[in-house]
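Chain by chain, the residues:
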Amino acid sequence: MDLHDTRDRLSVRRAILTNAEYEDANLSNSAFHDVNLSSSRVSDANMSNVSFANVNLSNCRMQDVNLSNVAIDGANLAGMTINGVKVTDLFACYEQAMG
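These notes cover the structure that comes with them. (Residues numbered from 1 in each chain as written. Predicted model: local features only at pLDDT ≥ 70, side-chain atom pairs only at ≥ 80, totals over all residues. Heavy atoms only, no water.)

## Points about the overall build of the chain
Each helix and strand in the chain was counted, giving one helix and two strands. Mapped in sequence order, the helices and strands of the chain form the string β-β-α. For 99 residues, the compact-globule estimate of 2.2 N^0.38 gives 13 Å, and the C-alpha radius of gyration of the chain, at 18 Å, exceeds that figure by more than 25%. If one aligns the C-alpha atoms of the chain with their principal axes, the spans along those axes are about 60 × 25 × 20 Å. Total accessible area on the chain is roughly 10900 Å²; 46% of this is exposed by carbon and sulfur atoms. Across the chain, the 7 positively charged side chains and the 12 negatively charged ones have centroids separated by 7 Å. (Helix = DSSP H or I, 4+ residues; strand = E, 2+ residues; numbered from the N terminus. Rg over C-alpha atoms; globule rule 2.2 N^0.38 Å. Areas by Shrake-Rupley, 256 points an atom, 1.4 Å probe, with all protein chains shown as cover. Lys, Arg positive; Asp, Glu negative; His and termini not counted. Charge placed at Lys NZ, Arg CZ, Asp CG, Glu CD.)

## Side note on the environment of E95
With respect to the helices, strands and loops of the structure, E95 is situated in helix α1 (residues 87-98). Residue E95 is classed as exposed on the basis of its relative accessible area, which comes to 55%. Spatially, the C-alpha atoms of E95 and H4 are 53 Å apart, while their sequence positions differ by 91 residues. (Buried < 20%, exposed > 50% of the residue type's maximum accessible area, 1.4 Å probe, protein only.)

## Things to note about unusual backbone geometry
With a phi close to 60°, N59 is a non-glycine residue in the positive phi region. Mapped onto the secondary structure, N59 falls in the segment before β1 (81-82). Of note in this structure, N83 is not a glycine but carries a positive phi near 50°. The exposure class of N83 is exposed, given its relative accessible area of 78%.

And the structure:
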């Protein structure tokens, strides 16, 4: 299926769209619910003001990302690293310093 230069609203339900490719596409204000995006690749994307809930990001790799003003609550941080430093170690140092 090819869609070119269209502005129509697209609604997709119970579909298999494996190996789909989106280039120079505006997907702002889109909603993804109960979708499998495993092994997907995202590059050169504006994801500002995006909300994630009940999302599995295990084994995810982020490079050259802007995480300014990001809030993470209730996360499983086991094994997570930032610039090679384990986040759990960072929190342990913080808690120790705060006494």
